[in-house]
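So you can see what is in the structure, the chains are spelled out below.
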There are 2 protein chains.
Amino acid sequence: MNNQTTNKLSDPNIRKLFENKNFVFLSTLMEDGSPQVSPTWVDIENEDILINTAIGRTKHRNVTRDPRVAVAVVDVNNPYNSVVIRGKVIDQLTGDIAEKHIDKLSKKYLDKEYPYRAPGEKRILLKIRPHSIFHMN
Amino acid sequence: MNNQTTNKLSDPNIRKLFENKNFVFLSTLMEDGSPQVSPTWVDIENEDILINTAIGRTKHRNVTRDPRVAVAVVDVNNPYNSVVIRGKVIDQLTGDIAEKHIDKLSKKYLDKEYPYRAPGEKRILLKIRPHSIFHMN
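Residues numbered from 1 in each chain as written. Chains lettered and ligands numbered in written order. Predicted model: local features only at pLDDT ≥ 70, side-chain atom pairs only at ≥ 80, totals over all residues.

1. Re the overall build of chain A
Move 1: If you tally the helices and strands in chain A, you get 3 helices and 8 strands.
Move 2: Order of helices (α) and strands (β) in chain A, N terminus to C terminus: β-α-β-β-β-β-α-β-β-α-β.
Move 3: By the compact-globule yardstick of 14 Å for 137 residues, chain A fits well, its C-alpha radius of gyration being 15 Å.
Move 4: Dimensions of chain A, computed from the C-alpha atoms along their principal axes, are close to 45 × 40 × 25 Å.
Move 5: Across the 137 residues in chain A, those meeting the buried criterion constitute 36%. (Helix = DSSP H or I, 4+ residues; strand = E, 2+ residues; numbered from the N terminus. Rg over C-alpha atoms; globule rule 2.2 N^0.38 Å. Buried ≥ 20, exposed ≤ 12 C-beta atoms within 10 Å, placed from the backbone.)

Structure, rendered in structure tokens:
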């Protein structure tokens, strides 16, 4: 095995893990400081990770209280190729940009516009800036 | 989608996710209270989750300081079938039991005895007791 620490999400081997249809596992902090982790879709933009959730969900409430997060991804075709990241939510975007982005993500993962929108659901885009990136393969 | 909260790791649909060769994502707390998450092999025993790591690794240091953890798993053949768990490390076992257990895990995931043992490496078995289990499928 080969372990490598790098600072660049844009490294082609790392980028590929996020551009493919792999789910990522986002860890956030509950109100009592305990960890929570859940699988989710992902997008990247330059050196940042983009996660799209609904306003008011646990993920959103947690990162609003404490922006510190961790993200892990493994290659669905080779689980021994993985990236683990620690970082912070540096921006939260709502409105048109978040609504359009969930359709973009849905097209990536489901090949169609987002089919699970609940009545009154509002989306929010979380922008995560990594401060440590660890690639294991 | 169907979301379900249950208290039982022994529920056959949940159990299967842990018995198959799926990796789990274990989240622990760093010294500064920020979350960390990494992919790892898994075993279950009755209502507890078993993780095997090497003594001194980040995971081990973190849960020794603060036993609160979260674990997520998705079905490698259907990522929309997932379980997320929050719980606590209630026991840490070393010695023969931990050394034999890593070979058991390795046989499950690699079909052979553990091939990555470093010189002087000592294994430790972390027993996690869930207090919340959420099944999404």
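2. Notes on helix α3 (residues 96–110) of chain B
Residue and element names in this part refer to chain B.
Move 1: With 15 residues, α3 extends 21 Å from end C-alpha to end C-alpha; this agrees with the ideal 21 Å at 1.5 Å per step.
Move 2: As for α3, its buried residues are in contact with β4 (43–45), β5 (48–54), β7 (78–93) and β8 (123–136).
Move 3: Directly beyond the C-terminal end of α3, a positive phi value near 60 degrees is found at D111. (Expected span 1.5 Å × (residues − 1). Contact = placed C-beta atoms within 7 Å.)

3. Re the interface of chain B and chain A
Move 1: In this complex, chain B contributes 25 residues to the contact, which on the side of chain A involves 25 residues.
Move 2: Every element with two or more residues in the side of chain B that touches chain A is listed here: β2 (24–29), β3 (35–40), β6 (68–75) and β7 of chain B.
Move 3: Take the side of chain B that touches chain A: its biggest share by element is 6 residues, from β6(B).
Move 4: Here the side of chain B that touches chain A is composed, by residue class, of 16 nonpolar, 7 polar and 2 charged. (Nonpolar A, V, L, I, M, F, W, Y, C, P; charged D, E, K, R; others polar.)

4. Thoughts on the environment of P39(B)
Move 1: Topologically, P39(B) is positioned in strand β3.
Move 2: Residue P39(B) is classed as buried on the basis of its C-beta count, with 20 C-beta atoms lying within 10 Å.
Move 3: In sequence terms P39(B) and F18(B) are 21 residues apart; their C-alpha atoms lie 13 Å from each other.
Move 4: Beyond its immediate sequence surroundings of up to four residues, P39(B) is in contact with A72(A), V74(A), P79(A), S82(A), F23(B) and F25(B).

5. Concerning the pairing of strand β8 (residues 123–136) of chain A
All names here are of chain A.
Move 1: Pairing geometry for strand β5 (residues 48–54) and β8, over 6 bridges, is antiparallel. Pairing of I49 across the sheet is with I128, part of β8.
Move 2: As judged from the 11 bridges shared by strand β7 (residues 78–93) and β8, these two strands associate in the antiparallel manner. Paired with D91 across the two strands is K127, which belongs to β8. (Pairing = 2+ DSSP bridges.)

6. Comments concerning the environment of H131(A)
All names here are of chain A.
Move 1: Mapped onto the elements of the fold, H131 is located in strand β8.
Move 2: The spatial distance from the C-alpha of H131 to the C-alpha of G87 is 5.0 Å, given a sequence separation of 44 residues.
Move 3: Ignoring anything within four residues of it in the chain, the contact list for H131 reads R86 and G87.

7. A closer look at unusual backbone geometry
As a rule of thumb, non-glycine residues mostly have phi less than zero, and peptide bonds are mostly trans rather than cis.
Move 1: The phi angle at D111(A) is positive, at roughly 60 degrees, despite the residue not being glycine.
Move 2: Looking at where D111(A) falls in the secondary structure, it is placed in the loop between α3 (96–110) and β8.

8. Some thoughts on the nonpolar core
Move 1: In terms of nonpolar packing, the biggest core is built from 64 residues, with V71(A) and V71(B) touching the most fellow members.
Move 2: Once residues within four sequence positions are removed from consideration, V71(B) is found in contact with V37(A), V24(B), F25(B), L26(B), I49(B), I85(B) and I128(B). (Core = buried A, V, L, I, M, F, W, Y, C linked by C-beta atoms within 7 Å.)

9. What about the relation of the copies chain B and chain A?
Move 1: Superposing chain B onto chain A takes a rotation of 180 degrees plus a shift of 0.0 Å along the axis, which leaves an RMSD of 0.0 Å. The transformation relating the two chain copies, once decomposed into turn and shift, fits a two-fold axis.
Move 2: An overlap of 100% is found between the interface residues of chain B and their copies at the interface of chain A, pointing to a shared contact surface. (Least-squares fit on C-alpha atoms with pLDDT ≥ 70 in both.)

10. Here's the deal with the environment of K107(B)
Residues and elements named next belong to chain B.
Move 1: Mapped onto the elements of the fold, K107 is located in helix α3.
Move 2: Owing to 12 C-beta atoms within 10 Å, K107 belongs among the exposed residues under this scheme.
Move 3: Among all residues touching K107, those that are not within four sequence positions of it are K112 and E113.

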